[in-house]
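# Tertiary structure, described
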Amino acid sequence: MNNKIVLIILLLAAAGMQAQYKYDNRYESKIDSIIKLMTLEEKAGQLNQLAYGWGWGPTVKSEVKGDYAKMVAEGKIGSFLNAVGADLTRDLQKVAMEKSRLHIPLIFGFDVIHGFKTTFPVPLAEVASWDPAIVEYSAKMQAKEAAATGIHWTFAPMVDIARDSRWGRIVEGAGEDTYLGSIMAAARVKGFQGTLGNENIAACVKHFAAYGAAEGGRDYNTVDISERVLRETYLPPFKAALDAGALTFMCSFNEIAGVPSSGSKFLLSDVLRNEWQFKGFVVSDWNSPGEMINHGFAADLKDAARISITAGLDMDMESRAYTAYLKELVEKKQVPVADVDESVRRVLRVKFILGLFDDPYKYCSKEREQNFVMSKEMQDAALKVAEQSIVLLKNNGVLPLKDAYKKIAVVGPCANAKKIPLGSWEQYGDSNDVVTVLEGIKKTYPKADVTFVQAVTITDTTKAGFDEAVQAAKDAELVIAVVGEDGHMSGEASCRASIDLPGVQNELVEALQKTGKPLVVVLMNGRALALGAIDKNADAVVEAWFPGITCGTAITNVLTGKINPSARLPITFPKVTGQIPSHYNHKNTGRPNDPNNHYTSGYLDTDINPLYPFGYGLSYTAFKYGTVKLSKQSIKATDKITVTVPVSNTGKLEGTETVQLYLRDMVGSVTRPVKELKRFVKVNLKPGESKDVQFTINEEDLKFWDINMHFSSEPGEFRVMVGGNSRDVQQETFTLE
Ligand code: GLC
């Protein structure tokens, strides 16, 4: 191949044609030679990850604290989490490279969940864009900033499917749907890892597995699901991330049907290694090996070390079980040294792939740190993502806002909040960098008289502030109420037994509604909320999630119509908490709900329908769907079907519709969901414009885990449903012969 072609290929790769990492054997002989030199203590040390310090001060420190340096020099640490900063990571790396016996580079991990310092919208918000390209772009930019601060590896993407919004960690993932979650998992991995250069970081797919299925929506709680549900619902996003080239996985805290993931040979070896052929390494969650004692699955920490290493858990985050017991376990022949060597091999392989052996200091550039962190490019990226994540849930015509107002009342506990928009896992995000909604409105309407009344806090129950808020509303032409949750009411260990708006915010909105003034409600929350009262009282409802530092700018750009919202819900919004789990892809049951038949599946005190269904969202324009047409009415397994549906913009503004295609397998050897998302595409249409949107379906889309636990398709009738959300669809049927 001549040099010109090689150059073109390199340029394409460098241009971010995100190559998905493909493993090969180029490093194996080097790894063999290193392992041969390692003592058992050094092998255990390579599998040991410690947190650097506990608090993350306002600035990164460059001195190396405590006895970390000594442990690194003695080869007792292979990785740190939470050590950040070009200076600090260089200092630690220098110890490994100059003082340790084998000069194996450290790998630095950090939770870059939605940004390092430039805080992007929370992951659930980004997924609401239904745009894998923008989600990949977001991860790419987050990686660029994180890599500039010495970070090699992020503990993201979190790909746990979740159908219970009581579970606080739903905010970190992609919501309730396996197909959407799989698409977004792959996008994030490609965004973070890119071409594995010094502006990219290794991804870590977590939490393996089914962490989002915790009973009662309570974090760390028991998970008891069938292998079929595990394989059908929870595993596919992990496989999609692996296929996208993810270099690492993280196991979950929970058990599945009696076996904690940290010690699950089925998950960590049978599925991940033998079935999926994963070549990277698995890190535990924080002390999750040690927690197997609480689970009643390990007798003590030595037992935990034995169980984890033999199950295939490679790196031990903070339980310190491996450095304490692996040497003894091997010497007493309770653990084969081959198991330890295989884990060390995987860790060294990732360090080679990341280029850390070639250049241990490739991420330690003070100049890049100063140029990239919170740069204008980063802030512009955060704004672009935030604008695409905001969902319009109701609009009776009050939006988009007019060009001018004399008097605007901005009300509520989130309206001028500096910290709330950062959400959870905000890391080095600085509330001083946040543009509040009030600031956004004032900047957009400099001539308007804008009155701000907080009225209540998120949680207090006093209505003492209502009068002032109501008076401000009475005096105004427009009322914007910004309500929701605190940024840390979701995230880790942040579950809620109720998904109502906290405090007396519903009552505040009701009081504002009584003034009869145009009322726009903007929501900030990290989960689905039960919004019946808000929907009843507001003229418009805008779901902004936790938008990150560009909050007020992004929200105002949507409210004014500078951005025509095109985001769609990645989770079902039930009417009341008691409907949970409420997800669109449910089973039909033997007595599907019929409000006119008492003896069917339903409730006495509410109907079973959600308030806002999965995939729902409005635009400032309107879209109309024509008749769905199929290229064939019946197909053989080797055939494809083309589904065509004309979509028109019947409104006055240009807009983007997210056209969604669902399938239902009408009869199977096991029961099948009433619908499953199988395709979606965003279509931009000018006023009056129509497009024939086409999807191609093949046999792969019809497969499921059948009665014999084989992933296969079965002949019979299939229903095709197409629409702008999971509820309002048109359908056609075809037969698989
Ligand atoms: C936490 C979380 C995990 C995170 C890890 C390191 O407990 O469960 O998601 O990556 O510890 O901070």
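Residues numbered from 1 in each chain as written. Predicted model: local features only at pLDDT ≥ 70, side-chain atom pairs only at ≥ 80, totals over all residues. Heavy atoms only, no water.

To continue, consider the overall build of the chain. In terms of helices and strands, the chain carries 22 helices and 27 strands. For 737 residues, the compact-globule estimate of 2.2 N^0.38 gives 27 Å, and the C-alpha radius of gyration of the chain, at 26 Å, lies within 12% of that figure. When its C-alpha atoms are laid out on the principal axes, the chain stretches across 75 × 65 × 60 Å. By the burial criterion, 60% of the 737 residues in the chain qualify as buried. (Helix = DSSP H or I, 4+ residues; strand = E, 2+ residues; numbered from the N terminus. Rg over C-alpha atoms; globule rule 2.2 N^0.38 Å. Buried < 20%, exposed > 50% of the residue type's maximum accessible area, 1.4 Å probe, protein only.)

Along the chain, Ser-79 falls in strand β2 (residues 79-81). In this structure the side chain of Ser-79 is engaged in a polar contact, spanning 3.0 Å, whose partner is the side chain of Gln-49. Not counting chain neighbours up to four residues away, the residues in contact with Ser-79 comprise Asn-48, Gln-49, Leu-50, Leu-106, Ile-107, Trp-153 and Met-315. (Polar contact = N/O pair within 3.5 Å; in protein donor to acceptor, adjacent residues only side chain to side chain. Contact = heavy atoms within 4.5 Å.)

Attention shifts here to the layout of surface pockets. One number sums up the size of the largest pocket: a volume of about 1300 Å³. Taken together, 48 residues line the largest pocket, and the ones lying closest to its centre are Thr-178, Arg-231, Glu-232, Thr-233 and Pro-236. Of all the secondary-structure elements, those providing two or more residues to the lining of the largest pocket are α8 (178-193), α9 (227-234), α10 (236-243), β22 (676-685) and β24 (704-705). It is α9 that contributes the most residues to the lining of the largest pocket, six residues altogether. Of the residues that constitute the lining of the largest pocket, the class distribution is 19 nonpolar, ten polar and 19 charged. Looking at the second largest pocket, its volume works out to about 790 Å³. Considered class by class, the residues forming the lining of the second largest pocket number ten nonpolar, 13 polar and five charged. (1 Å grid on protein atoms, 1.4 Å probe; cavity = no way out; pocket = protein on both sides within 12 Å on 5 of 7 lines; lining within 4 Å. Points joined across faces, edges and corners; volume = space filled by probe spheres on them. Nonpolar A, V, L, I, M, F, W, Y, C, P; charged D, E, K, R; others polar.)

Here we come to the site of the ligand. Near the ligand, the surroundings consist of 13 residues, among which Asp-111, Arg-169, Lys-206, His-207 and Asp-285 are the closest. Protein chains bury 93% of the 310 Å² of accessible surface belonging to the ligand in isolation. Looking at the shell around the ligand residue by residue, the classes come out as seven nonpolar, one polar and five charged. (Near = heavy atom within 4 Å. Areas by Shrake-Rupley, 256 points an atom, 1.4 Å probe, with all protein chains shown as cover.)

In the structure shown here, the tally under the stated rule is six cavities of 30 Å³ or more. Taken together, 16 residues line the largest cavity, and the ones lying closest to its centre are Gln-46, Val-72, Gly-75, Ser-100 and Ile-104. The residue inventory of the lining of the largest cavity, partitioned by class, reads eight nonpolar, five polar and three charged.

Okay, the side chain of Thr-248 next. Tracing the backbone through its elements, the reader meets Thr-248 in strand β6 (residues 248-251). At a separation of 2.9 Å, a polar atom in the side chain of Thr-248 contacts the side chain of Trp-153. The contact partners of Thr-248, leaving out residues within four places of it in the chain, are Trp-153, Ala-203, Cys-204, Val-205, Phe-278, Phe-281 and Val-350.

What follows covers the sheet that holds strand β14 (residues 478-484). Reading across from one edge, β11-β16-β15-β14-β12-β13 is the order of the six strands in this open sheet, with mixed pairing throughout. With partners counted over all chains shown, the strands left at the sheet margins are β11 (391-395) and β13 (449-453), one partner each. For this sheet, the mean inter-axis angle between neighbouring strands, taken without regard to orientation, is 15°. Sheet topology note: the strand β12 (residues 407-411)/β13 ladder contains five bridges and is parallel. Following the sheet pairing, Lys-407 is matched in β13 by Asp-449. (Pairing = 2+ DSSP bridges. Axes fitted to C-alpha atoms, helices over the stretch in contact; angles between N-to-C directions.)

Moving on, we get to the domain arrangement of the chain. If you check the domain split of the chain, you get domain 1 (379-579) and domain 2 (623-736). Relative to domain 2, the C-alpha centre of domain 1 lies at a distance of 34 Å. (Domains from an automatic or database assignment.)

Interhelical geometry of helix α17 (residues 376-387) versus helix α22 (residues 551-559) gives an angle of 45° and a closest axis separation of 9 Å. Between α17 and α22, the interaxial angle falls into the category oblique. As α17 runs across α22, the sense of the crossing is right-handed. Residues Leu-383, Ala-386 and Glu-387 of α17 lie in contact with α22, whose contacting residues are Thr-553, Ala-554, Asn-557 and Val-558. (Parallel < 35°, antiparallel > 145°, perpendicular 65-115°, else oblique. Left-handed = near helix turned anticlockwise from the far one by under 90°.)

What follows concerns helix α7 (residues 132-147). Taking 1.5 Å per residue, 16 residues should reach 22 Å; α7 reaches 22 Å between its end C-alpha atoms and fits that length. Counted residue by residue, α7 has twelve buried out of 16 residues, so it is predominantly covered. Residues of α7 that are buried include every one of Ile-134, Val-135, Glu-136, Ser-138, Ala-139, Met-141, Gln-142, Ala-143, Lys-144, Glu-145, Ala-146 and Ala-147, and no others. Here the buried face of α7 lies against α6 (123-127), α8, α16 (366-372) and α17. One side-chain oxygen at the N-terminal end of α7 lies 2.9 Å from the backbone nitrogen of Ala-133; it belongs to Asp-131. (Expected span 1.5 Å × (residues − 1).)

With that out of the way, let us pick up the pairing of strand β26 (residues 716-723). Two elements, strand β21 (residues 655-665) and β26, share six bridges in a ladder whose sense is antiparallel. Within the sheet, the bridge partner assigned to Leu-663 lies in β26 and is Val-720. In this structure, β26 lies alongside strand β27 (residues 729-736), joined through eight bridges in antiparallel fashion. Paired with Val-720 across the two strands is Glu-732, which belongs to β27.

Most often, soluble globular proteins keep nonpolar side chains buried together rather than apart. With 93 residues, the main nonpolar core has Leu-399, Ile-408, Ile-480, Val-520, Trp-545 and Leu-559 as its most contacted residues. Apart from the residues lying within four places of it in its own chain, the contact partners of Val-520 are Val-398, Leu-399, Leu-401, Leu-478, Val-479, Ile-480, Ala-481, Ala-540 and Leu-559. Listed in part, the 89 residues of the second largest apolar core include Ile-113, Met-250, Leu-268 and Leu-348. (Core = buried A, V, L, I, M, F, W, Y, C linked by side-chain atoms within 4.5 Å.)

This paragraph deals with the pairing of strand β5 (residues 204-208). Burial of β5 is extensive: five of the five residues sit out of reach of the surface. With three bridges joining them, β5 and β6 adopt parallel strand pairing. Paired with Val-205 across the strands is Phe-249, a residue of β6.

Let us now look at the pattern of salt bridges. For the coordinates displayed, the defined rule picks out 50 salt bridges. Across the salt bridge formed by Glu-227 and Arg-231, the nearest N and O atoms sit 2.6 Å from each other. Of this pair, Glu-227 and Arg-231 both sit in helix α9, four residues apart, which is roughly one turn of that helix. Ionic pairing is found between Lys-327 and Glu-331, a salt bridge with its closest N-O pair at 2.8 Å. A residue pair is termed a helical-turn pair when its members lie 3 or 4 positions apart in one helix, as Lys-327 and Glu-331 do in helix α14 (residues 321-331) at four residues. Residue classification places Glu-331 among the partly exposed residues on the basis of a relative accessible area of 47%. Beyond isolated ion pairs, a larger network of salt bridges with shared partners links Glu-28, Asp-32, Arg-273, Asp-314, Glu-342, Arg-345, Arg-346 and Arg-349. (Salt bridge = Lys/Arg side-chain N within 4 Å of Asp/Glu carboxyl O.)

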